[in-house]
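# Structural overview for review
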Amino acid sequence: MIPDLEDIFERQARRYERPLDAWAELEKRAFGQAVGLNGYTIVAEAEELARLSEAKVAGPVLDLGTGRGWPGWLIAERAERNLVAIDVPVVGLKHARDAFAARDLSLRTQVIASDGMALPFASETFSSIVHTDVFC
Amino acid sequence: MVVGFSIHTPPSLTPAQEEQATELGPSLVCGCESPQELIDQAGFSGLEVTDVTARFRRTCSAWLAAMKELEPQLRRELGDEDFEDELDQKEGMLIGIDEGLLLRSLIICERL
């Protein structure tokens, strides 16, 4: 049976409330560094998304379902684009905002609580949209 | 341009396999249309799909190995229930991949 979206968002919010130190230690053990990964998008994949995001026309990037800001911060940094990060669980967005600030990206990034099924943006606002394991 | 990674199922699973994929993988892995259908509905085209399942398997496996190595610390900091829930998810994902029920792809498309 497929759970409803509210259950999924609540579950995600609980994951984002976990102690970051414990998770960073786990990430370092698994992948050799801690970037804020809590899903399956490894650094090489984030770099691929950044490269693809900067390959076409210039313009801001929408990070759909940003979670705690990974891989959004790497894309904003590498692609040298403004980035708008959206998601539903606010606890994750707070971490995302901190992740952007920690990398001196606050002026080029914006964090917005929004459902991807009702985006609060005009058509053609973004040059590219990135997502990682959102549609599953 | 829309670019991202997505976990999905192979085409033509039986209902029983879909149920199994949903139990082993992400909750919505069978909950919506195929990438092609979603892209079409959203008015995008030029779909490019690159299978990255082998890399996805290595990622799951690395998570799982690290979780087992750090089990006492993680149980203490996350709590038993949360730890076991996370472990079950990672183990389920690996089983789903190995049984051919779960795939992960890089999906790229552009506005018409």
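Residues numbered from 1 in each chain as written. Chains lettered and ligands numbered in written order. Predicted model: local features only at pLDDT ≥ 70, side-chain atom pairs only at ≥ 80, totals over all residues. Heavy atoms only, no water.

## Overview of the overall build of chain A
- Counting its secondary structure elements, chain A contains 5 helices and 4 strands.
- Going from N to C terminus, chain A has its helices and strands arranged as α-α-α-β-α-β-α-β-β.
- Computed over its C-alpha atoms, the radius of gyration of chain A comes to 14 Å, within 12% of the 14 Å expected for a compact globule of 136 residues.
- Its C-alpha atoms give chain A principal-axis dimensions of roughly 40 × 35 × 25 Å. (Helix = DSSP H or I, 4+ residues; strand = E, 2+ residues; numbered from the N terminus. Rg over C-alpha atoms; globule rule 2.2 N^0.38 Å.)

## With respect to the sheet that holds strand 1 (residues 2-8) of chain B
- Taken together, the 7 strands give an open sheet; going across it, the order is 3(A)-2(A)-1(A)-4(A)-1(B)-3(B)-2(B), and neighbouring strands pair in mixed fashion. Sheet topology places strand 3 (109-113) of chain A together with strand 2 (44-51) of chain B at the edges, where each strand pairs with a single neighbour. Geometrically, the sheet is characterised by an average inter-axis angle of 20° between neighbouring strands, direction not taken into account.
- Judged from the 4 bridges that link them, strand 1 (residues 61-64) of chain A and strand 4 (residues 128-132) of chain A form a sheet pairing that is parallel. Among the inter-strand pairings, V61(A) is bridged to a residue of strand 4 of chain A, identified as S128(A).
- Of the strands in this sheet, strand 2 (83-87) and strand 3 of chain A are in contact with helix 5 (residues 90-102) of chain A, which crosses strand 3 of chain A at around 175°. (Pairing = 2+ DSSP bridges. Axes fitted to C-alpha atoms, helices over the stretch in contact; angles between N-to-C directions. Contact = heavy atoms within 4.5 Å.)

## Here's the deal with the interface of chain B and chain A
- If you look at the interface, chain B gives 41 residues, while chain A gives 40 residues.
- Each partner contributes to the roughly 3700 Å² buried at the junction of chain B and chain A, and carbon and sulfur atoms together form 63% of this total.
- On the chain B side of the interface with chain A, the three residues burying the most area are M1(B), F5(B) and W63(B), jointly 20% of the side's total.
- Taken together, chain B and chain A are joined by 10 salt bridges.
- With a shortest N-O distance of 2.8 Å, E69(B) and R29(A) are connected by a salt bridge.
- No other element matches helix 3 (residues 53-69) of chain B, which puts 9 residues into the side of chain B that touches chain A.
- For the side of chain B that touches chain A, a count of residues per class yields 23 nonpolar, 8 polar and 10 charged.
- Across 4 bridges, strand 4 of chain A lies against strand 1 of chain B in parallel orientation. Bridge assignment links V130(A) to a residue of strand 1 of chain B, and that residue is V3(B). (Buried area = accessible area lost by both parts, 1.4 Å probe. Salt bridge = Lys/Arg side-chain N within 4 Å of Asp/Glu carboxyl O. Nonpolar A, V, L, I, M, F, W, Y, C, P; charged D, E, K, R; others polar.)

## Describing the packing of helix 2 (residues 20-31) of chain A against helix 3 of chain B
- In the contact formed by helix 2 of chain A and helix 3 of chain B, the axes pass within 8 Å of each other and the chain directions differ by 120°. Judged by the inter-axis angle, helix 2 of chain A sits oblique to helix 3 of chain B. Crossing of helix 2 of chain A against helix 3 of chain B: the hand is right-handed. The residues of helix 3 of chain B that touch helix 2 of chain A, namely those facing W23(A), L26(A), E27(A), R29(A), A30(A) and F31(A), are T59(B), A62(B), W63(B), A66(B), M67(B) and E69(B). (Parallel < 35°, antiparallel > 145°, perpendicular 65-115°, else oblique. Left-handed = near helix turned anticlockwise from the far one by under 90°.)

## Focus: the confidence of the model for chain B
Residue and element names in this part refer to chain B.
- For chain B, mean pLDDT is 90; residues scoring 70 or higher make up 97% of the total.
- Within chain B, no element has a lower average pLDDT than helix 2 (residues 35-41), which sits at 78, and none a higher one than helix 3, at 97.
- Scoring of the predicted complex yields 0.90 for pTM and 0.89 for ipTM. (pLDDT = per-residue confidence, 0-100.)

## Some remarks on the nonpolar core
- Of all hydrophobic cores here, the largest spans 56 residues; its most connected members are L26(A), W70(A), W73(A), I75(A), V3(B) and L74(B).
- No other element matches helix 3 of chain B, which puts 7 residues into this core.
- Among residues more than four places away in sequence, those in contact with W73(A) are V35(A), A99(A), F100(A), R103(A) and L105(A).
- The next biggest cluster of nonpolar side chains, apart from the first, holds 5 residues, and it includes L64(A), V84(A), I86(A) and F126(A). (Core = buried A, V, L, I, M, F, W, Y, C linked by side-chain atoms within 4.5 Å. Buried < 20%, exposed > 50% of the residue type's maximum accessible area, 1.4 Å probe, protein only.)

## What to know about the environment of E80(A)
Residue and element names in this part refer to chain A.
- Turning to its location among the elements, E80 is positioned in the loop between helix 4 (72-79) and strand 2.
- Along the backbone, E80 and I112 are 32 residues apart, and their C-alpha atoms lie at a distance of 20 Å.
- Leave out the neighbours within four places in its chain, and E80 touches I75 and R108.

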